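# Results of the structural survey
Letter by letter, the chains look like this.
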Amino acid sequence: MEIEQAKIYHHHTPRQYLLPWADSNERVAWYGYGKVMRSGLTVVGGEDNFYKLKKLSVPDVDCMKLFIDGLPEWGRKGHKRFLQMYVLPTRLKQHLEKRGDCSPDAMKLVDVLRSNFMEDYHASIERQFWPYLVLIKARNFSFIEDIDRAIEFFFGFSIQYMRTKAVKERAIKKANALFDDVERVWDLLSYITAVEMGRSFFTDRHNFQILVLDNDTQVPFITSDQPIINIRSDAASFSPPEKVELYYPLSPTQAMLYLENATPNAGISQSVSIDEAHRYNMMMLDHRAFRVFSNSEEYLSLLNR
């Protein structure tokens, strides 16, 4: 039996999402680490083994269960099932190593599962989520009124927010009294937090609105390795914001805002000026982890000055 290969490079910024900024050869311009370059989509927006399953300690698992028990009852069963799925491959590897008579193919299969489980899971969520971005670009928001589709959209939306390098780095820096090592349990924490965030967005969806911004200027919208940002929060903070106003670039010429209905729209132009496009871009730059992406190397070079 042929065994699937382990996926080493894991994308925390999805390749499919970055396609609108890429050229015909699927190469995208990016700025980071003090330089401007153009690279293929298969080698940007991620890092090696970013989602590889971590070996959790017994206190890690016990504290995760305690964390889940403090969440609303409706989601606890699903969260604990995901926890069981997460720890299973690592425990299976420990069991095989203890036996000492397992075949190399069996060990390889377990290692492949540890490498691919979260990457493949995120890919499956992406496939469900991308059609909603197509609808949003066309200003078709009818899915909000369909319960099943709205749940699917807000789950995918929240996952795209929480899965990134930038959010992970900020969470690790914030002290946590429950977990000894937040980085070790972050894959679980980020997923569970995204599910709870999606539930909150779904429940409150009629108190919010989607606005699509059009950009016909010479300054394209850029995006980053933190593509969804709250423009009303401090880029360096992981504290809960007082106000939610989410900005999500969809292409060099379109972006979406997710706003409370009470937000005055008088000052928000849905056809942005050069200054407004640049202002949104600077917010993306502030919220990034390491890179911003564009279809224009020339514009990124201006950011590097």
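As a reminder, the structure under discussion sits directly above these lines.
Described below are features of the structure shown in this document. Positions within a chain are numbered from 1, following the residues in the order the chain's sequence is written. In keeping with the predicted nature of the model, local features appear solely for residues at pLDDT of at least 70, side-chain atom pairs appear and are counted solely at 80 or more, and the whole-chain, interface and lining totals rest on all residues. Side-chain calculation: all heavy atoms of the structure are included, whereas hydrogens and water are not.

## What about the pairing of strand 2 (residues 27-32)?
Burial classes: relative accessible area under 20% of the type maximum marks a residue as buried, over 50% as exposed, and values in between as partly exposed (1.4 Å probe, protein chains only). Each helix is a run of DSSP H or I of at least 4 residues and each strand a run of E of at least 2, with the numbering of both proceeding from the N terminus. When you tally the buried positions in strand 2, you get 5 out of 6 residues, the bulk of the element. Any two strands with at least two DSSP bridges between them are considered paired. Bridging between strand 2 and strand 3 (residues 35-40) involves 6 bridges; their strand directions are antiparallel. Residue pairing in the sheet places Arg27 in a bridge with Gly40 of strand 3.

## Structural notes on the packing of helix 3 (residues 73-99) against helix 4 (residues 104-137)
Angles run from 0 to 180 degrees between N-to-C directions of axes, and those axes are lines fitted to C-alpha atoms, restricted for helices to the stretch in contact. Helix 4 packs onto helix 3 with a crossing angle of 160° between their chain directions and a minimal axis gap of 9 Å. In terms of their interaxial angle, helix 3 and helix 4 are classed as roughly antiparallel. Of the two elements, helix 3 crosses helix 4, and the hand of that crossing is left-handed. Residue-level contacts link Phe82, Met85, Tyr86, Pro89, Thr90, Leu92, Lys93, Leu96 and Glu97 of helix 3 to Ala106, Met107, Val110, Asp111, Leu113, Arg114, Phe117, Met118 and Tyr121 of helix 4. Our angle categories are set so that under 35 degrees counts as roughly parallel, over 145 as roughly antiparallel, 65 to 115 as roughly perpendicular, and the remainder as oblique. Working rule for handedness: look at the near helix, and if it is turned counterclockwise from the far one by less than a right angle, call the crossing left-handed; if clockwise, right-handed. By the convention used here, residues are in contact when the closest approach between their heavy atoms is within 4.5 Å.

## What about the environment of Gln226?
Of note, Gln226 is situated in the loop between strand 6 (223-224) and strand 7 (229-230). Residue Gln226 is classed as buried on the basis of its relative accessible area, which comes to 1%. In the structure, Gln226 is positioned 38 residues away from Leu188 in sequence and 19 Å away in space, judged by C-alpha atoms. Aside from chain neighbours lying at most four places away, what touches Gln226 is Tyr161, Thr164, Ala166, Val167, Arg170, Met284 and His287. Polar contact is the term for a pair of N or O atoms within 3.5 Å; when the atoms are in protein, one must be able to donate a hydrogen and the other to accept it, and sequence-neighboring residues count only if both atoms are side-chain atoms. Within the structure, the side chain of Gln226 is placed 3.3 Å from the backbone oxygen of Tyr161, a separation counted as a polar contact. Of note is the side chain of Gln226, whose polar atom sits 2.8 Å from the backbone oxygen of Ile228.

## Considerations on the packing of aromatic side chains
Stacked, edge-to-face and tilted labels apply to pairs of Phe, Tyr and Trp rings (six-membered ring for Trp) whose centres lie within 6.5 Å, assigned for plane angles under 30 degrees, over 60, and everything in between, in that order. Counted by the stated rule, this structure contains 29 aromatic pairs. A ring pair is formed by Phe153 and Phe157, whose centres lie 5.5 Å apart and whose planes are at 20°; its orientation type is stacked. Of this pair, Phe153 and Phe157 are both found in helix 5 (residues 147-162), 4 residues apart, which corresponds to roughly one turn of the helix. Our definition puts a charge over a ring when NZ of Lys or CZ of Arg is within 6 Å of the ring centre and also within 35 degrees of the ring normal. Cation over ring: Arg279 sits above Tyr280, and NZ or CZ is 4.9 Å from the ring centre.

## Let's talk about the sheet that holds strand 9 (residues 254-260)
Strand order in the open sheet made by the 4 strands is 5-9-8-7, with antiparallel pairing throughout. In this open sheet, the two strands that pair with only one neighbour each are strand 5 (208-214) and strand 7. One ladder, built from 6 bridges, connects strand 8 (residues 245-251) with strand 9; its direction is antiparallel. Note on strand 9: the bridge partner recorded for Glu245 is Leu259.

## Examining the pattern of salt bridges
Definition used for salt bridges: Asp or Glu carboxyl oxygen within 4 Å of a side-chain nitrogen of Lys or Arg. For the structure on display, the rule yields 16 salt bridges. The salt bridge involving Asp111 is made with Lys93; its shortest N-O contact spans 3.2 Å. Here Lys93 lies in helix 3 and Asp111 lies in helix 4, a separation of 18 residues in the sequence. Owing to a relative accessible area of 26%, Asp111 belongs among the partly exposed residues under this scheme. Residues participating in the shared-partner salt-bridge network are Asp23, Arg38 and Glu297.

## Some remarks on the sheet that holds strand 6
Backbone-to-backbone hydrogen bonds join strands into a sheet, with any given pair of strands oriented parallel or antiparallel. The 4 strands are arranged 3-2-10-6 in an open sheet whose pairing can be described as antiparallel. With partners counted over all chains shown, the strands left at the sheet margins are strand 3 and strand 6, one partner each.

## What to know about the environment of Met284
Here Met284 shows up in helix 8 (residues 274-287). When near neighbours in sequence (up to four residues on either side) are disregarded, Met284 contacts Ile222, Thr223, Ser224, Gln226, Pro227, Ile229, Tyr247, Pro249 and Val292.

## A few points about helix 4
Multiplying one less than the number of residues by 1.5 Å gives the expected span of a helix. Look at helix 4: 49 Å from first C-alpha to last across 34 residues, which is about the 50 Å you get at 1.5 Å a residue. At Asn116, helix 4 is deflected by roughly 45°, the largest bend along its length. Phi turns positive, to about 60°, at Arg139, one or two residues after helix 4. Bend, at a single residue, is the angle you get between axes fitted to the 7 residues ending at that residue and the 7 residues starting at it.

All we've got here are geometric facts, nothing functional implied.
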